[in-house]
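Below are the chains, spelled out letter by letter.
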Amino acid sequence: METFTSYDGTRLAFRTVGDGPPLLCLPGGPGRAAAYLGDLGGLATTRTLILPDTRGTGASATPADPGSFRVDRLVDDVEALRRHLGRERVDLLGHSAGGSLALLYAAAHPDRLSGLVLVTPSFAAAGVASDLGAEEVIAARAAEPWHAGAVAAYRRVKAARSFAEAAPHRLAFEPLMYGRWDAAARAHAAADPAQRSLAVGEHYYAGYTPDTERLRQRLGALPCPVLLLAGELDLWPTAASATAAASLFPDVTLAVQPGAGHYPWLDDPAAFTGTVEDFLRRTAAAGAPVSGSR
């Protein structure tokens, strides 16, 4: 673990894994320490993954002001880390709720990005629904032995008024978040409570109202290429939501990973790393925005 001091004096931690060109990876949850990202399915064999713990999670300090957990204010932590790393521009990856943060960072600092990778991201920051067609995805998995219990828990999580209220139902709901509910997925899900800060989760979107029009204008002028990677079986976001959100960007590659849920690097590591590495290599080779596909 390494540390740096952010804009308000809060000491934040990050670790580096792997070898190769750096890739700054923002974890989701919201409020889950970056440990759950692991080595992103082996992506660390070709990239140096920079994995920060969001303030209040993992090894990062908890500030006195819980309002600083809000997603738009976390943009300043990302910028502070970029400066600490001494990088003029970075390749940035955001997963889940970290995708919302990555979108806001891209809108605020477009000149600091060489490439943007959004992995099963939340679109809450852009005001785009993340669950388009979710019921169809749920129905398609009806033959799974865990289906009835997981769907009931999913309904309770959706109806919860807070992360604390949803917490008792999360483990029962988790099979819907993975393409395969195998031993690796169960272990990954079981690690969640110890890695998650409910306080960060509660404040992540609290009081945040996106300026949707301005954000869409900024993203629509983004100078770097974007990879938007969705899972075929994911519920947040669904592949349909990712397809709709692709129109936010002028230069986007949309990839829907077959059989994948919310953590595609676990469901098919080779497919995931191949998609991300191919995008980053093409971006680096071009040295400028590359043509994407929708």
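Here the structure is a predicted model, which is why all the values come from computation and not from measurement.

Chemist: When you look at the packing of aromatic side chains in this model, what are you seeing that I'm missing?
Modeler: Two measures describe an aromatic ring pair: the distance that separates the ring centres and the angle between the ring planes. Across all of its chains, the model carries 11 aromatic pairs by this definition. A ring pair is formed by Tyr 178 and Trp 181, whose centres lie 5.6 Å apart and whose planes are at 50°; its orientation type is tilted. Each member of the aromatic cluster is reached from another via a ring pair, and the members are Tyr 36, Tyr 178, Trp 181, Tyr 263, Trp 265 and Phe 272.

Chemist: Please explain the packing of helix H1 (residues 75–85) against helix H2 (residues 97–108) as it appears in this structure.
Modeler: The axes of two packed helices give the description: the angle between them and the distance between them. As a packed pair, H1 and H2 sit with axes 9 Å apart at the nearest point and diverge in direction by 70°. When the interaxial angle is binned, H1 and H2 end up roughly perpendicular. Where H1 crosses over H2, the handedness of that crossing is right-handed. On H2, the residues that touch Val 75, Val 78, Glu 79 and Arg 82 of H1 are Leu 101, Leu 104, Tyr 105 and Ala 108. Looking at the contact of H1 with H2 residue by residue, the class counts come to 6 nonpolar, no polar and 2 charged.

Chemist: Is there a simple way to think about H1 in this case?
Modeler: Side chains of residues three or four places apart in an α-helix project in the same direction, reflecting 3.6 residues per turn. For H1, the set of buried residues is Val 75, Asp 77, Val 78, Glu 79, Ala 80, Leu 81 and Arg 82. Positive phi shows up at Gly 86, right after H1, with a value of about 70°.

Chemist: What am I meant to see in the sheet that holds strand E8 (residues 252–257) here?
Modeler: Sheets are built from strands that pair by backbone hydrogen bonding, the pairs being arranged parallel or antiparallel. Pairing in this open sheet of 8 strands is mixed, and the strands run E1-E2-E4-E3-E5-E6-E7-E8 from one edge to the other. Each having just a single partner strand, strand E1 (2–5) and E8 make up the two edges of the open sheet. Strand after strand, the sheet turns through a mean of 25° between neighbouring axes, direction not considered. Two strands pair when backbone bridges link them, and E1 and strand E2 (residues 11–18) are joined in this way by 4 bridges, in the antiparallel orientation. When the bridges of E2 are listed, Thr 3 appears paired with Ala 13. The strands touched by H1 within the sheet are E1, E2, strand E3 (22–26), strand E4 (48–52) and strand E5 (90–95), with E1 carrying the most contacts at an inclination of about 115°. Contacts from H2 reach E3, E5 and strand E6 (113–119), with the element oriented near 145° to E5.

Chemist: When you look at the pattern of salt bridges in this model, what are you seeing that I'm missing?
Modeler: Side chains carrying opposite charge are able to pair once their charged atoms draw close together. Applying the stated criterion across every chain, the model contains 17 salt bridges. The structure contains a network of salt bridges with shared partners spanning Arg 32, Arg 170, Glu 174, Asp 192 and Arg 196.

Chemist: Is there a simple way to think about the environment of Thr 238 in this case?
Modeler: For Thr 238, the position within the fold is in the loop between strand E7 (226–231) and helix H11 (239–245). Using a relative accessible area of 1% as the deciding quantity, one classes Thr 238 as buried. Setting aside chain neighbours within four positions, we find Thr 238 in contact with Ser 130, Asp 131, Leu 132, Gly 133 and Ala 134. Of note is the side chain of Thr 238, whose polar atom sits 2.5 Å from the backbone oxygen of Leu 132. Engagement of the side chain of Thr 238 in a polar contact is seen with the backbone nitrogen of Ser 241, the distance being 3.0 Å.

Chemist: Mind showing me how you'd approach the pairing of E4 here?
Modeler: Burial analysis of E4 places 5 of its 5 residues in the buried class, the great majority of the element. On E4, burial covers both faces: Thr 48, Ile 50 and Pro 52 on one face and Leu 49 and Leu 51 on the other are all buried.

Chemist: What exactly am I supposed to notice about unusual backbone geometry here?
Modeler: Leaving glycine out, the prevailing phi sign among residues is negative, and the prevailing peptide bond configuration is trans. Omega for the bond connecting Gly 29 with Pro 30 falls within 30 degrees of zero, at -10°, which places this linkage in the cis form. Mapped onto the elements of the fold, Pro 30 is located in the loop between E3 and E4. Cis geometry marks the peptide bond from Trp 236 to Pro 237, where omega comes out at 5°. Mapped onto the secondary structure, Pro 237 falls in the loop between E7 and H11. Although it is not a glycine, Ser 96 adopts a positive phi angle of roughly 55°. Take Ser 96: it is sitting in the loop between E5 and H2. In the Ramachandran plot, Thr 120 falls in the positive-phi region, its phi being about 35° despite a non-glycine side chain. One can find Thr 120 in the loop between E6 and helix H3 (134–140). On the accessibility criterion, Thr 120 (0% relative accessible area) is buried.

How each quantity is defined
- Residues numbered from 1 in each chain as written.
- Predicted model: local features only at pLDDT ≥ 70, side-chain atom pairs only at ≥ 80, totals over all residues.
- Heavy atoms only, no water.
- Phe/Tyr/Trp six-rings, centres within 6.5 Å; stacked < 30°, edge-to-face > 60°.
- Axes fitted to C-alpha atoms, helices over the stretch in contact; angles between N-to-C directions.
- Helix = DSSP H or I, 4+ residues; strand = E, 2+ residues; numbered from the N terminus.
- Parallel < 35°, antiparallel > 145°, perpendicular 65-115°, else oblique.
- Left-handed = near helix turned anticlockwise from the far one by under 90°.
- Contact = heavy atoms within 4.5 Å.
- Nonpolar A, V, L, I, M, F, W, Y, C, P; charged D, E, K, R; others polar.
- Buried < 20%, exposed > 50% of the residue type's maximum accessible area, 1.4 Å probe, protein only.
- Pairing = 2+ DSSP bridges.
- Salt bridge = Lys/Arg side-chain N within 4 Å of Asp/Glu carboxyl O.
- Polar contact = N/O pair within 3.5 Å; in protein donor to acceptor, adjacent residues only side chain to side chain.

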